[in-house]
Amino acid sequence: MQTVAVIDYGMGNLHSVAKALEHVGAGKVLVTSDAAVIREADRVVFPGVGAIRDCMAEIKRLGFDSLVREVSQDRPFLGICVGMQALLERSEENDGVDCIGLFPGQVRFFGKDLYEGGEHLKVPHMGWNQVAQVVEHPLWHEIPDQARFYFVHSYYIEAGNPAQVVGGGHYGKDFAAALAEGSKFAVQFHPEKSHTHGLQLLQNFVGWNGRA
């Protein structure tokens, strides 16, 4: 039986992610902060919610920044929400926070004055929004282009390498909703809260061999 490690660094609704993974037949799902268990897992999920400064402080304190760089290279690895943002080089949040740097790019603030067609948009961006499949990828299997996923975020990804953007979103401005390279895949939305399409993405991840 394969094992899926959900990295626990004290930030994120980890059990809802774990339950969703179990629901789609992930095998043995372990919510863990044990580096040895994470290293031995067949697949790794890196979730996160809250302020990036607090997240990165715990990630670095636990040595998970180097661990994430290590385990994301040789097995399927999925970053979710703030877990995705933490994989970039730097975030504007909290006057600037250095992140893990797995993907080039920055995390930017939507701003307090965000408008679309003369309408003022609320920040955080919260609710259902479409995701354009910019590039074909195994994790999009049986998910229609422009499918809706559930978002909760005030900051968005400005990708440093456009070739890594496999999913695009729009909320007042265009942003990267999904990034991928090699065995790494990361999403700004919450698949565990996105009903049918989110569960399909998690099921695709469980069956993915880590190659595009």
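Note that the structure is a prediction, hence the values are computed from the model and not measured.

Enquirer: So what exactly am I meant to see when it comes to the nonpolar core here?
Expert: Note that soluble globular proteins tend to have their nonpolar side chains buried in a common cluster. Counting residues in hydrophobic clusters, the biggest one holds 73 residues, and the most contacted among them are L21, V45, F46, L87, W140 and F185. Considering each element in turn, this core owes the most residues, 6 residues, to strand 14 (residues 174-181). With residues up to four places along the chain from it excluded, the contact list for F46 reads I7, Y9, I59, V68, F77, L78, G79, I80, G83, A86, L87 and I100.

Enquirer: So what exactly am I meant to see when it comes to the packing of aromatic side chains here?
Expert: The description of two aromatic rings rests on the distance between their centres and on the angle between their planes. This model, assessed by the stated rule, comprises 13 aromatic pairs. A ring pair is formed by W140 and F149, whose centres lie 6.5 Å apart and whose planes are at 50°; its orientation type is tilted. Overall, W140 belongs to the buried group, its relative accessible area being 4%. Residue class for F149 comes out buried when judged on its relative accessible area of 1%. Each ring, one from F151 and one from F175, has its centre 5.8 Å from the other, and the planes form 85°; the classification is edge-to-face. You can see F151 sitting in strand 11 (residues 147-153) and its partner F175 sitting in strand 14, a full 24 residues away along the chain. One aromatic cluster in this structure is built from F110, W140, F149, F151, Y156, Y171, F175, F185 and F189.

Enquirer: What exactly am I supposed to notice about the pairing of strand 1 (residues 3-7) here?
Expert: It is a general feature of regular strands that their side chains alternate between the two faces of the sheet. The element strand 1 is largely enclosed, with a buried count of 5 among its 5 residues. Because side chains alternate across strand 1, one face comprises the buried residues T3, A5 and I7, and the other comprises V4 and V6, equally buried. Note: strand 1 against strand 2 (residues 28-32), 5 bridges, orientation parallel. In the strand pairing of strand 2, V4 is matched with V29. Read from strand 1 through helix 1 (residues 14-23) to strand 2, the crossover connection turns out right-handed. One ladder, built from 3 bridges, connects strand 1 with strand 3 (residues 43-46); its direction is parallel. Of the residues in strand 3, the one forming a bridge with V6 is V45.

How each quantity is defined
Residues numbered from 1 in each chain as written. Predicted model: local features only at pLDDT ≥ 70, side-chain atom pairs only at ≥ 80, totals over all residues. Heavy atoms only, no water. Core = buried A, V, L, I, M, F, W, Y, C linked by side-chain atoms within 4.5 Å. Buried < 20%, exposed > 50% of the residue type's maximum accessible area, 1.4 Å probe, protein only. Helix = DSSP H or I, 4+ residues; strand = E, 2+ residues; numbered from the N terminus. Contact = heavy atoms within 4.5 Å. Phe/Tyr/Trp six-rings, centres within 6.5 Å; stacked < 30°, edge-to-face > 60°. Pairing = 2+ DSSP bridges. Right-handed = clockwise from strand over helix to strand, strands pointing away.

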